[in-house]
Structure formats: structure tokens, C-alpha cells
Amino acid sequence: MQVKTYLISEGVKYTETIIQDGYINKIYKVDNCRKDIYAIPDACIDIQFIYEKGRYVPYACGTHTKVSPAYISGSRKTFAVKFEPGVIPDFMKEYISDIVCDRKCLAYIDDIQNISSMLQNEDDFEKMVDIFMDNFRYDRHFADKKNIIASIAGIIHKGKGNINIAKIAEEVGYNQRYLDRVFKEAVGVSMKKYAEIIRIQKAIYYLQNSLTYEIYERLGYYDQAHFIKDFKKNTSLTPSRFERANSQYKIV
């Protein structure tokens, strides 16, 4: 699933390339002239290289749980890597809950800091992508990929976020309370919140691709009013306003 993360004002230059290799969802670059950018919940972790005082500084940035001003709004240049929902590099797992709606500097990670230095004098997006892909240590940062977490995330994605948490526990054969604790420790949000975010991401996909017929029924909402309330909580817009938002914002 290609996730959507930002509402970007006109005048902001945004470039992306889709990766979807099982680890990285996409890589993107934002050139901003101090315009507003809002973050949408996406259940993803980003490594963001933020241009500060003449150099790129790397940050781990967690998912938001409701629409919020994005950290990159005040940055002139940002180059970033977005991992797939639920995919967490090993070095982030000890503080994953702390970066939900927040971020942490990654200058202490040798290969990440090395990538920052290599990006320093480069502005060509394709070359910047090559620098990251050639120097990021997959083998070092994904040695501990827990199958149970991947299984839970897969079940939630398959159900488009419309899934009973008790049924997930039954399907994977573990106690529900234990599963929710393990999932939150690994991903940073509860299974319920993760499912809510995935369901909204699916609604965004339907709206952007004009697949609007009875969306609330497709996604398992009780009624249209419940869907509208949930959608607005996560995006700040009603579905109808979201469809019209392309005149004011790019949704990326």
C-alpha cells in the first residue's frame, strides 16, 4: 500500500519515488518556502534528513495519531525515507513509543550520519536516493524482524483495518493482552490504533482514485456519520472536503 502522509500547501516542491521492497515504502524530498505542511497518521517510521544550519541532520520521526503540523514545515529542505507500516529498524525499537508524535536525532548511528555527510553537497533527487540505498545497512538494522508482528500487521492490512482484535489473537494463537503489549512495544501504537490508521489510509486511497461508492460500507463502518467523524479526526477534513482539497493542498 502506498501510504499518504502529508497535506502540502501550493508552492511546496515535493518529489518521491516508490520503493515497496518489504522494508521501505517510499523515499521523498521536500523543498519548502515556509509553507504549511500537515502530517496525517500513517503508522510509519521515517528517517528524515533535515537541512539545518548548512548541513543535513538525521532524525527518526514516528507516526502521528491525529492530523498535526508536520515537523518538516519549518525546514527549507528535507530528504526522507519512509518505512512500510509496522517496519521498524532494530536501533529504534528501544524508544519506539517515545517517538510517536515526536522525533529523535540519529547522529549517533554511524552509517546514518555517514549518509548525512554524503548528502551534504548533493541536490539531485535520484542521486540522493542512490546514496541512501547504497549505504544503508539493511543487514545491520533489520536482523531482528519478529514474525509475530509481521503476521499481525498482515492480518490488519488484509482486512483493510476493519478487524476485530480478539479475532487476531485467536488467529495467531496468543493471549490478546500479551499480543497488544508486544505489538505496541514493537510498533509504538496499539493494534486498535494501527488498524484505525490503516482503515483511514485505505479510505484516502478510495477517495483519490474516485472509488467513492459506499466507502463506509466497504470499510466496515456502522454508518456514514461514523465514517465522516473518524475521517475528519485523522485528516482534519471531511471526505467531501478532502476530495476538493487538491485546489489548496497536495495529498502525498
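What comes next is a walk through the structure.

So, how was this worked out
- Residues numbered from 1 in each chain as written.
- Predicted model: local features only at pLDDT ≥ 70, side-chain atom pairs only at ≥ 80, totals over all residues.
- Heavy atoms only, no water.
- 1 Å grid on protein atoms, 1.4 Å probe; cavity = no way out; pocket = protein on both sides within 12 Å on 5 of 7 lines; lining within 4 Å.
- Points joined across faces, edges and corners; volume = space filled by probe spheres on them.
- Helix = DSSP H or I, 4+ residues; strand = E, 2+ residues; numbered from the N terminus.
- Nonpolar A, V, L, I, M, F, W, Y, C, P; charged D, E, K, R; others polar.
- Buried < 20%, exposed > 50% of the residue type's maximum accessible area, 1.4 Å probe, protein only.
- Pairing = 2+ DSSP bridges.
- Phe/Tyr/Trp six-rings, centres within 6.5 Å; stacked < 30°, edge-to-face > 60°.
- Axes fitted to C-alpha atoms, helices over the stretch in contact; angles between N-to-C directions.
- Parallel < 35°, antiparallel > 145°, perpendicular 65-115°, else oblique.
- Left-handed = near helix turned anticlockwise from the far one by under 90°.
- Contact = heavy atoms within 4.5 Å.

**Details of the layout of surface pockets**
So, step 1. By volume, the largest pocket is sized at about 390 Å³.
So, step 2. As for the largest pocket, its lining consists of 15 residues, of which G161, I163, K192, R199 and H226 are closest to the centre.
So, step 3. Sorting the residues of the lining of the largest pocket by element identifies α7 (191–208) and α9 (224–235) as the ones contributing at least two each.
So, step 4. The greatest single-element share of the lining of the largest pocket, amounting to four residues, is contributed by α7.
So, step 5. Residues of the lining of the largest pocket, tallied by class, amount to five nonpolar, five polar and five charged.

**So, the side chain of S9**
So, step 1. Mapped onto the fold, S9 is located in strand β1 (residues 6–9).
So, step 2. We classify S9 as buried; its relative accessible area is 12%.

**Concerning the pairing of β1**
So, step 1. Burial of β1 is two-sided: the residues Y6 and I8 facing one way and the residues L7 and S9 facing the other way are all buried.
So, step 2. Across three bridges, β1 lies against strand β10 (residues 249–251) in antiparallel orientation. Residue S9 lies in a different strand from β10, and its bridge partner there is Y249.

**Considering the packing of aromatic side chains**
So, step 1. According to the stated counting rule, one finds 20 aromatic pairs in the structure shown.
So, step 2. Relative to Y138, the ring of Y23 has its centre 5.4 Å away and its plane inclined at 80 degrees; by these criteria the two rings are edge-to-face. Separated by 115 residues along the polypeptide, Y23 in the loop between β2 (13–18) and β3 (24–31) and Y138 in helix α3 (residues 138–141) bring together distant segments of the chain.
So, step 3. Assessed through its relative accessible area of 24%, Y23 is described here as partly exposed.
So, step 4. Ring geometry for F49 and F79: centres 6.1 Å apart, planes at 35 degrees, overall tilted.

**A word on the packing of helix α1 (residues 110–119) against helix α2 (residues 125–135)**
So, step 1. Here α1 crosses α2 at 155 degrees, and the two axes come no closer than 10 Å. Looking at the two axes, α1 sits roughly antiparallel to α2. For the pair α1 and α2, the sense of crossing is right-handed. Across the interface between the two elements, D111, N114, I115, M118 and L119 from α1 touch M128, I131, F132 and N135 from α2.
So, step 2. For the contact of α1 with α2, the class distribution of residues is six nonpolar, two polar and one charged.

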